[in-house]
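Listed here are the chains, written in short residue letters.
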Amino acid sequence: MNYYALLKGRARALLMDFSSLAVIIIAVAVSIYISKYSGNENARGIIIEIVNEDKGMLGSRLIEILSLEETFKYNVTTYDEAIKEVAGNKAQGIIEIVPDFSEKIGRGEYESLVHITVMADSYDMTTFTEMVINDVIKVWSEKLVEKRIGEIDGVGQDDLTEFREQIKDVWNRESLLDVESVMGKEEKTEEEENYFGIRWYAVLSMFYLCISGTWMCNYSSTGLLRRVSGQGGNIASLFIFQSLPGIVISFLGFIPVIITSGHPDPVNVFISFGIYICSSAAIALIICCISGKFSNLVLISPVSTMVVSLFSGLLCELPDWARLWDITSVIIPGHWLYNAIFEKRFFLGSILVLAGWFMIGICISWIFSKKKNH
Amino acid sequence: MNPFMFILYDIKRLFGRGKTAYLAMLSPIPVILMFALFLAPVLTQGNGVFFSGAILNEDNSESVEQLMNIIVNYEVKKGNVAVYPVKEKETGERMVDEGKVAVFMYIPPDTYTDSMSGKRAVMEFYYSPSRAFDALTFYTGIKSSLSVFGQGIRLVNIAVGIAEKLGLSEEEIFRIWDEGVIDLQNVFIHRGRVIGKNGIFLFGADYHFRFAIALLFATCAYMSSFPIIYLTSLDLSEIFNKRSIPKRRLFWYFMARIISGAILILSSFLIMFPVARLLRQIQLDFALSVIPGIILTSLVFSALGVLTGSMFKRGQSALWAGLYFGTASIAGVAFLSDKTELPEAIAFLMRISPFRASVSIFSNGMFNLLVERYAFDMFVLFSAFVIFSVAGFVLYMKRSAL
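Residues numbered from 1 in each chain as written. Chains lettered and ligands numbered in written order. Predicted model: local features only at pLDDT ≥ 70, side-chain atom pairs only at ≥ 80, totals over all residues.

J.: Got a minute to help me understand the overall build of chain A in this structure?
T.: Helix and strand counts for chain A stand at 15 helices and five strands. When the 374 residues of chain A are sorted by exposure, 45% land in the buried category. For chain A, the proportion of contacts with a sequence separation of at least 24, taken over those separated by at least 6, is 76%. (Helix = DSSP H or I, 4+ residues; strand = E, 2+ residues; numbered from the N terminus. Buried ≥ 20, exposed ≤ 12 C-beta atoms within 10 Å, placed from the backbone. Contact = placed C-beta atoms within 7 Å.)

Written as structure tokens, this is what we have:
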């Protein structure tokens, strides 16, 4: 079996086929973009429709106070228009001020002063209801205190006007009663940089290697596996030579990613990525052998890539309480790449993991080839 | 072969011996684990957000004690909070660090007198990083409402200033002061009632959970369309490209693929849907209202899968295109769909995105059904289904040797 010829054929196919190259080019571009812009804040300003049916003046005062909130943008409109906007996903919530809002507050009643409709299509909506309640409370408090002032003997219209003037900016001022949050002792140091560009590129590379093994599945047109098995070839060696061009391309694609990430120790991360990508190829071999059928492979590949990347912390940070996950993830190559990225010890662990996955891959492919020969 | 046989045949091809369907059914589990990783404290505690907290009140005033009782007692009664009073600040902080409680609230001496005399008083909310997600949700609620209370004191101060200017007796001024503060406390106790709800805090604190569940539904459904993308691309390159198939027959192949694909995607909901209902005790009528949305979502993603598969000659390229499109759509819905400062074209694309419509149906249909939004989202999904199907069939015909 001429594995070298297979390697050459595969490398030529990868380099000549633009769509294969495009996959890795896009992965590089996306990773660089993440590296450069992951710190930028998203645009804010969720639109909320306000329907003011209040017959008195306090509804307008509530709108004034609401307008001071910066997280949301308000649009005063009719009920029908508000429903239309929310239905069409142009707004995310409705505040409906009831017709007797002023009257109720004047009487000291507090039941259902506003009706709120919320579309839970955003994480930011979590604070929306609390904010509306607080703003209604502000109007209510103003009215209560004004009422108390009105009860003072000898108070005149001038005093009430003065009070109204003074309260205009009271809600913009610092609160006299405040709470400050203090985070408890952290068991691991907070990383200033998250290096999501490098981490996500590693995830995409692993998926790339897994999905590149579709030629091992039943529906493949090339029938390569059948031919090699027929000639008594070794499936593991075949997989290695078939994957090698993909590994090299992923490795080359990593160069611009690491350069643009601004990592202080690129050499170590580069070495670690090399070991990681080889280990990922071994995992890919196992996945391809187990899948058998291509439709299984295309389902298992994204799910298993997501799982191992998640457990190793590459996809996103593991919460501190998930210690067990963190400990068990030492058997996953991504764990050691993560360590290398955050300048922790990685070399021995990653080599052992590579050796382990490689041995498992060889064993499973041997069983797989026996099964094929049967 | 009759149309029904086409579908059966294609299901057999797509599902294999059922292994693919089982995989599709089980595929949400790792994704559920991922979400559970961040939402576990919320998921495991029914509808509320549960905290065990320590408290140290070094302010001996009656008013602060009353205020804290108002806040804490209601949440304790509801089972949202378990409170352990401590005698030293270090003890409370240590309890948080050792994971015995999630939060520690510290009220320093003279909190009441400072705030009442116009000096800013600051309490401390010490929380465990491992419970940061829900602790900060609680913190946001308590901070904003207490801040309003604190700002309200400024109003009473203004009233007292007017009373002093009018030359009222000290006794009278104290009376105005006390009544003003009591008024504020009353307002504070009933803050939930202004929107017709009981309780003091945590209104809408689970919206992020609703959104996460909906994203999970749509993401898993989309991931289940990967076999459809790959098989379609392969069929068009290897089978239909080499044989001449009549248009009518090709149409039935096409429809059979969409239907079998939709059935495969539906299987991914088989576990997710009951799990979601169980976790959040979703009302039956709301839960049932989502079923048409689930069916239409499956059909749309299946048609999209066939369209993507028809666009590319190589199965892998089609798969990658599907992956990138899916990732961009998920990211768009997760981070952009509610934003207003977007270019008009992107905002419009977000509005008509079938992925967004699908997420919206799940997040809103399951929890508080706004019929108008539901109808709009169903319309978006149906339109997307028609467009993807027509475009897919045109490409299907173009790529096959008619």
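J.: Help me understand the overall build of chain B, please; the structure alone is not making it clear to me.
T.: When you go through chain B residue by residue, the secondary structure sums to 16 helices and four strands. Going through the 402 residues of chain B one by one, you find that 49% of them count as buried. Residue pairs in contact within chain B that sit at least 24 positions apart in sequence constitute 78% of those at least 6 positions apart.

J.: Explanation requested: the interface of chain B and chain A in the structure shown.
T.: Interface size is often expressed as the accessible area that is lost when the parts come together. Contacts between the two partners involve 105 residues from chain B, matched on the other side by 93 residues from chain A. With 24 residues, the single largest contributor to the side of chain B that touches chain A is helix α7 (residues 132-165) of chain B. Residue composition of the side of chain B that touches chain A, grouped by class: 56 nonpolar, 29 polar and 20 charged. Pairing geometry for strand β5 (residues 177-183) of chain A and strand β4 (residues 121-127) of chain B, over seven bridges, is parallel. Pairing of A:V182 across the sheet is with B:Y126, part of β4(B). (Nonpolar A, V, L, I, M, F, W, Y, C, P; charged D, E, K, R; others polar. Pairing = 2+ DSSP bridges.)

J.: So what exactly am I meant to see when it comes to the nonpolar core here?
T.: Across soluble globular proteins, nonpolar side chains have a tendency to be buried as a group. Within the largest apolar cluster, 212 residues are counted, with the highest numbers of intra-cluster contacts made by A:V136, B:V103, B:A159 and B:V300. If you tally residues by element for this core, the top one is helix α11 (residues 266-291) of chain A, at 15 residues. (Core = buried A, V, L, I, M, F, W, Y, C linked by C-beta atoms within 7 Å.)

J.: What should I look at first to understand unusual backbone geometry in this one?
T.: For residues other than glycine, phi is negative in most cases, and the peptide bonds are mostly trans. Residues and elements named next belong to chain A. Even without glycine at this site, N89 takes up a positive phi of about 60 degrees. Note that N89 resides in the loop between α4 (79-87) and β3 (93-97). Residue E343 is not a glycine yet carries a positive backbone phi of 55 degrees. Of note, E343 is situated in the loop between α14 (333-341) and α15 (347-373). Assessed through the 13 C-beta atoms surrounding it within 10 Å, E343 is described here as partly exposed.

J.: Which parts of the structure should I look at to understand the packing of helix α13 (residues 315-335) of chain B against helix α15 (residues 354-365) of chain B?
T.: Helix packing for two helices is described by the angle between their axes and how far apart those axes are. Residues and elements named next belong to chain B. Contact geometry of α13 with α15 gives a least axis separation of 9 Å together with a crossing angle of 50 degrees. The angle between α13 and α15 places the two elements in the oblique class. Judged by the sense of rotation from one axis to the other, the crossing of α13 with α15 is right-handed. Facing S329, I330 and V333 of α13, the residues of α15 in contact are F355, R356 and V359. Its residues placed into classes, the contact of α13 with α15 shows four nonpolar, one polar and one charged. (Axes fitted to C-alpha atoms, helices over the stretch in contact; angles between N-to-C directions. Parallel < 35°, antiparallel > 145°, perpendicular 65-115°, else oblique. Left-handed = near helix turned anticlockwise from the far one by under 90°.)

J.: Honestly, α15(B) in this entry has me stumped. Any pointers?
T.: Helical periodicity: at 3.6 residues per turn, an α-helix aligns residues three or four positions apart in one direction. Residues and elements named next belong to chain B. With twelve residues, α15 ought to run about 16 Å at 1.5 Å a step, and its terminal C-alpha atoms sit 15 Å apart, in line with that. Of all twelve residues in α15, twelve are buried, a share of seventy percent or more. If you check which residues of α15 are buried, you get P354, F355, R356, A357, S358, V359, S360, I361, F362, S363, N364 and G365. (Expected span 1.5 Å × (residues − 1).)

J.: Can you walk me through the pairing of strand β2 (residues 72-76) of chain A in this structure?
T.: Side-chain direction in a regular strand flips from residue to residue, so the side chains alternate between the two faces of the sheet. Residue and element names in this part refer to chain A. Direction of pairing for strand β1 (residues 46-52) relative to β2: parallel, over a ladder of five bridges. Bridge pairing in β2 places I47 opposite K73. Assessed by its sense of winding, the connection that carries the chain from β1 through helix α3 (residues 58-66) to β2 is right-handed. (Right-handed = clockwise from strand over helix to strand, strands pointing away.)

J.: What's the story with the environment of A:E81 in this structure? I'm lost.
T.: Positionally, A:E81 belongs in helix α4. Residues A:E81 and A:G108 lie 27 residues apart in sequence; the distance between their C-alpha atoms is 31 Å.

J.: Sorry, what's going on with the confidence of the model for chain B here?
T.: For residues with low pLDDT, the predicted coordinates do not support detailed interpretation. Mean pLDDT over chain B works out to 79, with 83% of the residues at or above the 70 mark. Here helix α3 (residues 28-43) of chain B stands out as the element of chain B with the lowest mean pLDDT, 60, in contrast to helix α16 (residues 371-399) of chain B, whose mean of 92 is the highest. (pLDDT = per-residue confidence, 0-100.)

J.: Explain the pairing of β3(A) to me, please; I cannot follow it from the model alone.
T.: All names here are of chain A. Of all five residues making up β3, four are buried, and the element is well covered by its neighbours. Bridging between β1 and β3 involves five bridges; their strand directions are parallel. Looking across to β3, one finds that V51 is bridged to E96. Taken together, the five bridges between β3 and strand β4 (residues 114-118) define a ladder with antiparallel strand orientation. Among the inter-strand pairings, G93 is bridged to a residue of β4, identified as V118.

J.: What's the story with the sheet that holds β3(A) in this structure? I'm lost.
T.: Strand pairing within a sheet occurs via backbone hydrogen bonds; the two strands may be parallel or antiparallel. All names here are of chain A. In spatial order, the strands read β2-β1-β3-β4; together these four strands make up an open sheet with mixed pairing. This sheet does not close on itself; its edge strands, each paired only once, are β2 and β4. In this sheet, adjacent strand axes meet at a mean angle of 20 degrees when their direction is disregarded. Sitting on the sheet, α3 is in contact with β1, β2 and β3, with an inclination near 170 degrees to β1. Along the sheet, α4 makes contact with β1, β3 and β4, crossing β1 at roughly 160 degrees.

J.: Would you explain the packing of helix α8 (residues 196-211) of chain A against helix α10 (residues 235-261) of chain A in this entry?
T.: Residue and element names in this part refer to chain A. It is the contact of α8 with α10, at a shortest axis distance of 10 Å, that shows an interaxial angle of 170 degrees. The orientation of α8 with respect to α10, classified from their angle, is roughly antiparallel. Every residue of α10 that contacts α8 at G197, I198, Y201, S205, Y208 and L209 is listed here: S243, G246, S250, F254, V257, I258, T260 and S261. Partitioning the contact of α8 with α10 into residue classes produces seven nonpolar, seven polar and no charged.

J.: What exactly am I supposed to notice about the environment of B:V160 here?
T.: Residue and element names in this part refer to chain B. Among the secondary structure elements, V160 is positioned in helix α7. In sequence terms V160 and T308 are 148 residues apart; their C-alpha atoms lie 71 Å from each other. If we skip the residues at most four places from it in the chain, V160 touches I173, I176 and W177.

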